[in-house]
Amino acid sequence: DTMAAPKPLDNKTMAGIEAEFPEFAEDEIKAFHSLFLKYDENRSGELELFELNRMYEDLKTPKTHQQLKELIAEADVDGTGGVSYKEFLTVLLKDKKGLTKTGWGGFVKIVPKQHDSSRDTGKKANVFEQKIADQTNQVLAEQDAKKRGEIAKKKVEAQRKVAEQEKKDAEDAAKRKAAVEKFKEKMSNR
């Protein structure tokens, strides 16, 4: 199962991977391949412990040494101590189906459809980093919207309380006026 350092995906290689992993769309396979290449820093063709460590740190979900060893043990079918590209896809497929023991981190959910922001940046955006940024922005926007909603609720509640107090004050004033009129009437009847 060990391969030399993965090369760019040619049509033949892509067809073979698509046949073996029909659950993944072509753009997902390409995104996973880019991710794999990015973190296979020593170009061994496998993601090793130090490379997985960097990947999870970049994801802002650092793992302990033991957790990293467990991730590798789950994915490393051929016992080389690293995760080949095929093993990487296999474990991502298991993760997609919710079948991983170690929780590979939901890569399938965070590696998006191919996104080309070349018009924005002048170069092909790193899909993985772009998706993380998009998700972070979405979370921040949701938090902001939630805060705005809470502020709006508090405003409405304050306005309701003011309106209730004004109504009570008006009722109290009307009762006092009625009492004064009643008192004046009593005094004039004497």
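Residues numbered from 1 in each chain as written. Predicted model: local features only at pLDDT ≥ 70, side-chain atom pairs only at ≥ 80, totals over all residues. Heavy atoms only, no water.

(A) View of the overall build of the chain. In terms of helices and strands, the chain carries eight helices and two strands. Mapped in sequence order, the helices and strands of the chain form the string α-α-β-α-α-β-α-α-α-α. Counting the 190 residues in the chain, one finds 27% classified as buried. Total accessible area on the chain is roughly 12700 Å²; 54% of this is exposed by carbon and sulfur atoms. (Helix = DSSP H or I, 4+ residues; strand = E, 2+ residues; numbered from the N terminus. Buried < 20%, exposed > 50% of the residue type's maximum accessible area, 1.4 Å probe, protein only. Areas by Shrake-Rupley, 256 points an atom, 1.4 Å probe, with all protein chains shown as cover.)

(B) Representation of the packing of aromatic side chains within the structure. Overall, the coordinates contain four aromatic pairs when judged by the stated rule. On the basis of an interplanar angle of 55° and a centroid distance of 5.6 Å, the ring pair of F36 and F88 is categorised as tilted. Here F36 is found in helix α2 (residues 26–39), whereas its partner F88 is found in helix α5 (residues 85–96), with 52 residues between them in sequence. A residue is classified by how much of its surface remains accessible, and F36, at 0% relative accessible area, is buried. Since its relative accessible area comes to 0%, F88 is described here as buried. Ring pairs connect the aromatic residues F21, F24 and F32, which therefore count as one cluster. (Phe/Tyr/Trp six-rings, centres within 6.5 Å; stacked < 30°, edge-to-face > 60°.)

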